[in-house]
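Spelled out, the chains give:
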Amino acid sequence: MKVILLEDVKGKGKKNQLVEVSDGYARNFLLPKKLAVEATADHLNTMKLQEKARQAQIAEEAAQARDTADQLKDLTVCITAKAGNGGRLFGAVTTKEISDALKDQHGIEINKSKLVLDEPIKACGSYQLKAKLGHDVTATVNVQVREE
């Protein structure tokens, strides 16, 4: 019997996948536990429409990530922090501070977990860090740290 899985089933397949299983397994396990539905023409059509919508959403997110990367090319984020002698900061500049400054100064919202710091920023100066925007899109964020 052909069924469409509604959940991931170990050993059978992933969610929204069309699989062939024995009649007894489908009737006694998958269908009563709402792990699958029978592969009727109606359900197959619904599955195809959902897949099409999911692909459109992925394309939309990828386009949005590329737009954000283009916006970040020429921008510099300025952050002021308390510093001691020699330009050493009291503490470090975090990705949350950089994310908040991007939102405040330029209106670009990037989650702090998408910003990658190789090492903590503990001194005044200019820095470049990567932003992994998803869908294999990365951008460079220019950060200028100034003394308060």
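Residues numbered from 1 in each chain as written. Predicted model: local features only at pLDDT ≥ 70, side-chain atom pairs only at ≥ 80, totals over all residues. Heavy atoms only, no water.

Student: Can you break down the sheet that holds strand β3 (residues 36-38) residue by residue, with the values?
Tutor: The strand order across the open sheet formed by 3 strands is β2-β1-β3, and the pairing between neighbours is antiparallel. Edge positions in the open sheet fall to β2 (18-20) and β3, since each of these has one partner strand only. In this sheet, adjacent strand axes meet at a mean angle of 40° when their direction is disregarded. Examined bridge by bridge, strand β1 (residues 2-5) and β3 share 3 bridges and lie antiparallel to one another. Its bridge partner being in β3, leucine 5 is matched across the sheet by alanine 36. In the packing of helix α2 (residues 41-72) onto the sheet, the strands contacted are β1, β2 and β3, and the crossing angle to β1 comes to about 35°. (Pairing = 2+ DSSP bridges. Helix = DSSP H or I, 4+ residues; strand = E, 2+ residues; numbered from the N terminus. Axes fitted to C-alpha atoms, helices over the stretch in contact; angles between N-to-C directions. Contact = heavy atoms within 4.5 Å.)

Student: Kindly report on the sheet that holds strand β9 (residues 137-147), identifying the contributing residues and their values.
Tutor: With mixed pairing, the 4 strands of this open sheet are ordered in space as β4-β9-β8-β6. Edge positions in the sheet fall to β4 (76-81) and β6 (115-116), since each of these pairs with one other strand and no more. Together, β8 (125-134) and β9 form the strand contacts of α2, whose direction differs from that of β9 by roughly 35°. The sheet contacts of helix α3 (residues 95-106) involve β4, β6, β8 and β9, and relative to β4 the element is tilted by about 120°.

Student: Please set out the environment of glutamate 97 residue by residue, giving values where relevant.
Tutor: The topology assignment puts glutamate 97 in helix α3. Judged by relative accessible area, glutamate 97 falls into the partly exposed class, the value being 38%. For glutamate 97 and lysine 112, which are 15 residues apart along the polypeptide, the C-alpha to C-alpha distance reads 8.4 Å. Aside from chain neighbours lying at most four places away, what touches glutamate 97 is Ile79 and Ala92. (Buried < 20%, exposed > 50% of the residue type's maximum accessible area, 1.4 Å probe, protein only.)

Student: Tell me about the state of the cysteines, and name the residues and values.
Tutor: Working definition: the covalent bond between the sulfur atoms of two cysteines is a disulfide. Applying the stated criterion across every chain, the model contains 0 disulfides. Here cysteine 78 is not cross-linked by a disulfide; its sulfur's nearest cysteine counterpart is in cysteine 124, at 12 Å. (Disulfide = S-S within 2.5 Å.)

Student: Give me the lowdown on the layout of surface pockets, citing residues and values where you can.
Tutor: The volume enclosed by the largest pocket comes to roughly 200 Å³. Glu61, Gln64, Ala65, Thr68, Glu109, Ile110, Asn111, Lys114, Leu133 and His135 together form the lining of the largest pocket. Here the element with the most residues in the lining of the largest pocket is α2; it accounts for 4 residues. Taken together, the residues of the lining of the largest pocket sort by class into 3 nonpolar, 4 polar and 3 charged. (1 Å grid on protein atoms, 1.4 Å probe; cavity = no way out; pocket = protein on both sides within 12 Å on 5 of 7 lines; lining within 4 Å. Points joined across faces, edges and corners; volume = space filled by probe spheres on them. Nonpolar A, V, L, I, M, F, W, Y, C, P; charged D, E, K, R; others polar.)

Student: Give me the lowdown on the pairing of β8, citing residues and values where you can.
Tutor: In the sheet, β6 pairs with β8 via 2 bridges, with the strands oriented antiparallel. Across the sheet, leucine 115 pairs through a bridge with alanine 131, a residue of β8. Pairing between β8 and β9: 9 bridges, direction antiparallel. Looking at the pairing, glycine 125 lines up with valine 145 of β9. Connecting the antiparallel pair β8 and β9 is a turn made up of 2 residues, with histidine 135 showing a positive phi of about 55°.

Student: Quick rundown of the side chain of serine 99? Include the residues and the values.
Tutor: By the element assignment, serine 99 lies in helix α3. Residue serine 99 is classed as buried on the basis of its relative accessible area of 11%. A polar side-chain atom of serine 99 sits 2.5 Å from the main-chain carbonyl oxygen of isoleucine 110. What serine 99 contacts, discounting residues up to four positions off in sequence, is Ile110, Asn111, Lys112 and Leu115. (Polar contact = N/O pair within 3.5 Å; in protein donor to acceptor, adjacent residues only side chain to side chain.)

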